[in-house]
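# Summary of structural features
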Amino acid sequence: MTSRTSLTGLALLMLLLPLSASAEGLSEGIVGVVVDGNELRAEISLPGGIGADLTLAFEQVVGLTQANVGLNASLVSPLDTTLLARLTQAAVPAAFPLLIRIEPPADGGLSFSGPVTISLHTHNLPYLPGTLLRIYGATLGEPFEDITEYVGSGSYRCRGKKGSFSEFLILVDLRPLSLTIREKLERLDVTLEENEAIIDPAVYSQLTALASQIRAAYEGGNKSLAITRTNQFLAVVTNNSGSAIPNVWRSSRDLVNAAGLLRAAGETLRFSLGLKSNLGLL
């Protein structure tokens, strides 16, 4: 039995843990919010002992207040068919059925440049080497996507980036890692294509060439080169943010934060490529 198969079995056991009687329904559950410079930190405490520490970190932000963020937390049912329809080969751990919604009010005046980093820390989930737990993000009502760029211990910590806001879950990723990477490669390509019209043509050409090189290196079995090309892709986006690539999101939702979207897609791809490299798999 491979280590990944064993860990998948452990992940499935987590899904069989009994749910508390109050594991459905909405609750704001925000017991403490602190704004410190470009960071917002919040403590989440929900019925059944479900809790987490949430940090939102911005590179540059204007109007960062609790009211302007529009933060809400609720418990969901891992068997909710509406929610399950938004998941692909992923499952809600019954030990942590926590949905975080960040939906800033349109007239709140919040704006930021680049990606926002979402970090979660919870004692409700254990960290095991090779864990299948990931942080996912979604636009309201849309499918959830793996945005993970880091997982670690203490008990479980994770971090991801987004170029916008909405809903977040920690999920058990049941996909083979190779499928995860293929989907993230596709997401990078689609994000580029969707934003071609607002990216400087010369920079767009450079980014599409690098995206092709990432895919070619990975499909050729050269994971180290794929990671190097991903780093180069991220550097080009960062160096051209705000000039050749729009990089601002604001609550009026009249701008597309292309740089934030591209960096988020590149960071989570790099995370999965790194896992593949460490496992020594093709």
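Definitions and limits used
Residues numbered from 1 in each chain as written. Predicted model: local features only at pLDDT ≥ 70, side-chain atom pairs only at ≥ 80, totals over all residues. Heavy atoms only, no water. Helix = DSSP H or I, 4+ residues; strand = E, 2+ residues; numbered from the N terminus. Buried < 20%, exposed > 50% of the residue type's maximum accessible area, 1.4 Å probe, protein only. Contact = heavy atoms within 4.5 Å. Polar contact = N/O pair within 3.5 Å; in protein donor to acceptor, adjacent residues only side chain to side chain.

## So, unusual backbone geometry
- Each neighbour pair has its own omega, and for Gly 154 with Ser 155 the value is -10°, a cis peptide bond.
- Here Ser 155 lies in the loop between β11 (148–153) and β12 (156–162).
- Even without being glycine, Gln 89 reaches a positive phi, approximately 50°.
- Within the secondary structure layout, Gln 89 lies in the loop between α3 (81–84) and β6 (90–91).
- Taking relative accessible area as the criterion, Gln 89 reaches 40% and is therefore assigned partly exposed.
- With a phi angle near 60°, Arg 253 is a residue other than glycine that sits in the positive phi range.
- Tracing the backbone through its elements, the reader meets Arg 253 in the loop between β14 (248–250) and α7 (258–279).

## Details of the environment of Ser 251
- Checked against the element boundaries, Ser 251 lands in the loop between β14 and α7.
- Looking at Ser 251, the relative accessible area reads 4%, which means it is buried.
- Taking the C-alpha atoms as reference, Ser 251 lies 9.7 Å from Phe 165; in sequence the two are 86 residues apart.
- Beyond its immediate stretch of four places on either side in the chain, Ser 251 contacts Pro 104, Pro 105, Ala 106, Gly 108, Gly 109 and Leu 110.
- Polar side-chain contacts of Ser 251 include one of 3.3 Å to the backbone nitrogen of Gly 109.

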